[in-house]
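# Notes for the structure review
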Amino acid sequence: MTAQAVSQERIITLADAIREGLIESFARDDRTFMFAQGVDDPASMWGTIKGIAKRFGEDRIIEMPVAENGAVGIAVGAALNGQRPVIGFHRVEFALLALEQIVNNAAKSHYISNGQHKVPLVIRMVIGRGWGQGPEHSQSLEPIFSYFPGLKVVMPAFAADAKGMLISAIEDDNPVIFIEHRFLHYATGHVPEGYYKNPLDGPRVVREGKDVTIVATAHAVLEAIRAADVLRDIGCSVEVIDMRVLRPLNMATIQASVKKSGHLITVDTGFVMYGIGAEVVAAVVGQNFSALKAAPVRLGLPDHPTPSSRGLVVGVYPDSLRITREVGKMLGIGDDKMQLALASLEEQRKNLPIDAPDPFFKGPF
Amino acid sequence: MVEEAIAEHYGEGEMRCPVHLSIGQEAAAVGVCDALALTDKIYSTHRCHAHYLAKGGDLNRMFAEICGKAAGCIGGRGGSMHLMDLEKGMMASIPIVASSIPIATGSALADKRMRSGKVTVAFIGDASIEEGVFHESANFAVLHRLPIVFVCENNLYSVYTPLRQRQPDRPLTNVALAHGMRAAHGDGNNLEETYRLMSDAVAHARCGNGPTFLLLDTYRWREHCGPNFDNRIGYRTEAEYLQWETRCPIRALHKKLGSGLAPQREKAMVEAITVEIESARAFARAAPLPEPAQASQFVYA
Ligand SMILES: Cc1ncc(C[n+]2csc(CCOP(=O)(O)OP(=O)(O)O)c2C)c(N)n1
Ligand SMILES: [Mg+2]
């Protein structure tokens, strides 16, 4: 991310970074257009499309009737015919109505047509949690989309990466599912101005370490970094890897890290069962079995829907405390040291609500 | 004649994929496609052979595709239900009921955005208007006045289920009218009538006046999927079939042409087509199968 070095000064939210990514892409290429529900909505998708309709006009920023499968199909049809559409779903649940078009046509048109068709399409989906959204407005369904060959699935954790990957996604000739964790919209980071691209090439090491490898997605990356920081203070060196791209899955960085550390913990925003962590662990066990010094651990959501009440979500989402504890267990860190690390985390989090974004994530990252 | 050859030779086991024949529905395909320019675009369904041929799709590559050969129009990846020929504007065939409708709508949106003047056709069956995505697409197409014609071939059945068990008794065109869409209705077994109605719809679309729902009455002669007649298995009656047989679109055309088609000329045409079919079958038979390694190609562009 050399572009980042250029502008260490400017700190903006991930939501604004996405907005800038859209603006840069739309300004460069007339073939791009966007479908969204609520283009004039003052909330403007967490600010990510604020002012865009005004700037590019209703030919480019098209209000989509509440018809998700139709929207994706129409976007695929336009993409087959040389356009580069972007669709935004305010909640991943709404995209479930479009699974048919995503799975049958977006993912497969290039394949079925023997390479004759291309589907340059970006589908933004917002996942996540918070403010009592409840079982049907806060799911993290990224593994569903990661199941299908032909789709790319990206999931940024950092503002600068979100902008760079979004621009890459829009320029990509494949359908890209762009997953945004709701809490991360408020997270801040250094973001270069202007146009730049970050490749959709796979996981990245975001904290170097040698004792344990934590592979995380999106919001969980920030929880893992927080855990890594307190663990560092007690002499434990944690390597945190941001998955970034769930599909196509590039395991090289993760495998290299596990070879070094011999310990693997996955933390993702979705269910543990049949989840991203399962795929990562299976790949590591299959190819780096002898490098492992302990059984890998997967952290994620328990096997029930995510309820609304802040009373009920206690312990549902894996946080930095849980990650820290798991690292301690896996490495056999002594109780007194662990007490220190956990106490420091508890102190930091003491008065924080469980159902709103953690101010710790106001970077810069 | 092409599909009769498919039916005749299907049992030989070279064509190893489901086939949905359009025998009995030829006039709809031809009348619609004749009203289009080469550069106009069509999207079809599982029952796509007639549409593919009427739009000018390559016969060799069609047979090769049905036989699963590398020389098939899509290299053996899709088989009979996925025929396409981009050079001829046969953009895609999608065998999930109604799944091609939003794709065609998006195609029309792209052409509108590019001001290309091209018209898109979505060929659909009577069952596809039962799917939600038809309504989603119709609403959008009308809202944005897209250059598209939804051609609904009502052959009265979805697999073995008659229309009356699936939809209330009302004109199918009412559904389009309720979306504020222009609608037209005609005898899909009458080539001239189909052509005339379609020409109006195409002109309407090309001038930027928006979509038309063109309902065409027709009937499939053979089983839903496969080479045989199936009037005796109980879901429809022989009498119904025979009644529709009297409305054979080809015989009707023949009658209309009358002395306009000299017997000599007709004989020569039939012979030429027979040769073309036989040579396409031979081409497909001789063509090599795709290599197994090709199965993993084209997952990503
Ligand atoms: C979404 C979906 N549901 C069910 C099917 C199974 N199916 C295949 S063809 C067909 C009949 C469709 O009838 P119609 O649209 O009238 O076309 P026809 O076969 O009569 O040409 C059905 C139900 C399917 N392919 N896709
Ligand atoms: Mg039918």
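Residues numbered from 1 in each chain as written. Chains lettered and ligands numbered in written order. Predicted model: local features only at pLDDT ≥ 70, side-chain atom pairs only at ≥ 80, totals over all residues. Heavy atoms only, no water.

You'll often see interface size given as the accessible area lost when the parts meet. All names here are of chain A. Taken domain by domain, chain A consists of domain 1 (3-190) and domain 2 (204-348). For domain 1 and domain 2, the distance between their C-alpha centroids amounts to 27 Å. On the side of domain 2, 24 residues touch domain 1, which itself brings 29 residues to the contact. Interface area lost by domain 1 to domain 2 is led by Arg129, Met155 and Phe158, which between them contribute 26%. Scanning the region where domain 1 abuts domain 2 turns up one salt bridge. We note a salt bridge from Arg244 to Asp161, for which the minimum N-O separation is 2.6 Å. There are 11 residue pairs in polar contact (both at pLDDT 80 or more) connecting domain 1 and domain 2. The set of elements that each furnish at least two residues to the side of domain 1 that touches domain 2 consists of α8 (142-146), β6 (152-154) and α9 (159-171). Counting residues per element, the side of domain 1 that touches domain 2 draws most heavily on α8, at four residues. (Domains from an automatic or database assignment. Contact = heavy atoms within 4.5 Å. Buried area = accessible area lost by both parts, 1.4 Å probe. Salt bridge = Lys/Arg side-chain N within 4 Å of Asp/Glu carboxyl O. Polar contact = N/O pair within 3.5 Å; in protein donor to acceptor, adjacent residues only side chain to side chain. Helix = DSSP H or I, 4+ residues; strand = E, 2+ residues; numbered from the N terminus.)

A word on unusual backbone geometry. Glycine aside, the phi torsion of most residues is negative, and most peptide linkages are trans. All names here are of chain A. Put simply, Arg247 and Pro248 share a cis peptide bond, and its omega is -5°. Here Pro248 shows up in the loop between β12 (245-247) and α11 (252-261). At Asn114, a residue that is not glycine, the phi angle is positive and equals roughly 60°. Using a relative accessible area of 25% as the deciding quantity, one classes Asn114 as partly exposed. (Buried < 20%, exposed > 50% of the residue type's maximum accessible area, 1.4 Å probe, protein only.)

Residue and element names in this part refer to chain B. Looking at the metal site, the magnesium ion (ligand 2) is ligated by Asp126 (OD), Asn155 (OD1) and Tyr157 (O), spaced 2.1 Å from it. Of note, the magnesium ion (ligand 2) draws all its donor residues from one chain, in the sequence arrangement D-x28-N-x1-Y. Of this pair, Asp126 sits in the loop between β3 (120-125) and α6 (132-143) while Asn155 is found in the loop between β4 (148-154) and β5 (157-158), placing the two residues 29 residues apart along the sequence. Exposure class is identical for Asp126 and Asn155. Each is buried. (Donors = N, O, S within 2.8 Å, 3.2 Å for Na, K, Ca; no water.)

Turning next to the packing of aromatic side chains. Taken as a whole, this structure holds 12 aromatic pairs over all chains when the rule is applied. By way of ring pairs, the aromatic residues B:Tyr157, B:Tyr160, B:Tyr219, B:Tyr235 and B:Trp244 are connected into one cluster. Directly above the aromatic system of A:Tyr111 lies the positively charged group of B:Arg77, at a separation of 4.2 Å from the ring centroid. Sitting over the face of the ring of B:Tyr157, B:Arg236 holds its NZ or CZ atom 5.8 Å from the ring centroid. (Phe/Tyr/Trp six-rings, centres within 6.5 Å; stacked < 30°, edge-to-face > 60°. Lys NZ or Arg CZ within 6 Å of the ring centre and 35° of its normal.)

Turning to the pattern of salt bridges, a few remarks are in order. Enumeration according to the criterion identifies 31 salt bridges over all chains in this entry. In this structure, the salt-bridge partner of A:Arg226 is A:Asp358, at a minimum N-O distance of 2.5 Å. Remark: A:Asp358 occurs in the segment after α14 (335-349) and A:Arg226 occurs in helix α10 (residues 219-233); sequence separation between them is 132 residues. With a relative accessible area of 4%, A:Arg226 lands in the buried category. Residue classification places A:Asp358 among the buried residues on the basis of a relative accessible area of 8%. B:Asp230 is the partner of B:Arg236 in a salt bridge, and the nearest nitrogen-oxygen pair spans 3.7 Å. Residue B:Asp230 is classed as buried on the basis of its relative accessible area, which comes to 5%. Salt bridges here are not isolated pairs; linked through shared partners, they connect A:Arg207, A:Asp229, A:Arg232 and A:Asp233.

This paragraph deals with the interface of chain B and chain A. At the junction of the two partners, chain B supplies 35 residues and chain A supplies 45 residues. Both faces considered, chain B and chain A share a buried interface measuring about 3,100 Å² in area, 61% of it formed by carbon and sulfur atoms. Among the residues chain B hides against chain A, the three largest losses belong to B:Arg113, B:Tyr300 and B:Ala301. Together they make up 23% of the total. If you look at where chain B meets chain A, you find 22 residue pairs in polar contact (both at pLDDT 80 or more).

With that settled, the discussion passes to the sheet that holds strand β5 (residues 121-127) of chain A. All names here are of chain A. Taken together, seven strands build an open sheet; the order of strands is β3-β2-β4-β5-β7-β6-β12 and the sheet is mixed. Where the open sheet ends on each side, the last strands, each with one partner, are β3 (61-63) and β12. Taking the axes of each pair of neighbouring strands and ignoring which way they run, one obtains an average angle of 20° across the sheet. Across two bridges, β6 lies against β12 in antiparallel orientation. Paired with Val153 across the strands is Arg247, a residue of β12. (Pairing = 2+ DSSP bridges. Axes fitted to C-alpha atoms, helices over the stretch in contact; angles between N-to-C directions.)

Our next topic: the site of ligand 1. Residues and elements named next belong to chain B. Inspection of the region around ligand 1 gives 15 residues, with His46, Arg47, Asp126, Asn155 and Tyr157 positioned closest. Note that an oxygen atom of ligand 1 is positioned 3.1 Å from one of the backbone N or O atoms of Ala127. Contact between ligand 1 and Tyr157: an oxygen atom at 2.9 Å from a main-chain N or O atom of the residue. Contact with the protein chains removes 73% of the 580 Å² of surface that ligand 1 exposes when unbound. For the shell around ligand 1, the residue count by class is six nonpolar, six polar and three charged. (Near = heavy atom within 4 Å. Areas by Shrake-Rupley, 256 points an atom, 1.4 Å probe, with all protein chains shown as cover. Nonpolar A, V, L, I, M, F, W, Y, C, P; charged D, E, K, R; others polar.)

The next subject is the packing of helix α5 (residues 100-114) of chain B against α6(B). All names here are of chain B. It is the contact of α5 with α6, at a shortest axis distance of 9 Å, that shows an interaxial angle of 15°. One way to sum up the angle between α5 and α6 is to call them roughly parallel. Crossing of α5 over α6 shows left-handed handedness. Contacts between α5 and α6 involve Ile101, Pro102, Thr105 and Leu109 from the former and Val133, Phe134, Ser137, Phe140 and Ala141 from the latter. In terms of residue class, the contact of α5 with α6 is made up of seven nonpolar, two polar and no charged. (Parallel < 35°, antiparallel > 145°, perpendicular 65-115°, else oblique. Left-handed = near helix turned anticlockwise from the far one by under 90°.)

All names here are of chain B. Of the pockets and cavities examined, the largest pocket occupies roughly 1,200 Å³. Along the wall of the largest pocket there are 34 residues; nearest its centre are Met1, Glu26, Val30, Ile250 and Ile273. At the level of secondary structure, the elements contributing two or more residues to the lining of the largest pocket comprise α1 (2-9), α2 (26-34), α3 (49-54), α11 (249-257) and α12 (263-286). With seven residues, the single largest contributor to the lining of the largest pocket is α12. Taken together, the residues that form the lining of the largest pocket break down as 21 nonpolar, five polar and eight charged. (1 Å grid on protein atoms, 1.4 Å probe; cavity = no way out; pocket = protein on both sides within 12 Å on 5 of 7 lines; lining within 4 Å. Points joined across faces, edges and corners; volume = space filled by probe spheres on them.)

All names here are of chain B. The six strands lie next to each other as β2-β1-β3-β4-β8-β7, forming an open sheet whose pairing is parallel. Here the strands that pair on one side only, and so sit at the sheet edges, are β2 (90-93) and β7 (182-187). Mean inter-strand twist for the sheet, computed between neighbouring axes without regard to direction, equals 20°. With respect to the sheet, helix α9 (residues 191-206) is in contact with β3, β4, β7 and β8 (212-217), its orientation differing from that of β7 by roughly 165°.

Moving on, we get to the side chain of B:Arg220. All names here are of chain B. Mapped onto the elements of the fold, Arg220 is located in the loop between β8 and α10 (238-245). Of the side chains with opposite charge, Asp230 lies nearest to the buried Arg220, which makes no salt bridge, at 4.5 Å. Of the polar contacts made by the side chain of Arg220, one reaches the backbone oxygen of Arg222; its length is 2.8 Å. Only 3.0 Å separates the side chain of Arg220 from the side chain of Tyr235, close enough to count as a polar contact. For Arg220, the residues in contact, after removing those within four places along its chain, are Ile23, Gln25, Arg47, Asn155, Tyr157, Val159, Tyr235 and Arg236. (Lys, Arg positive; Asp, Glu negative; His and termini not counted.)

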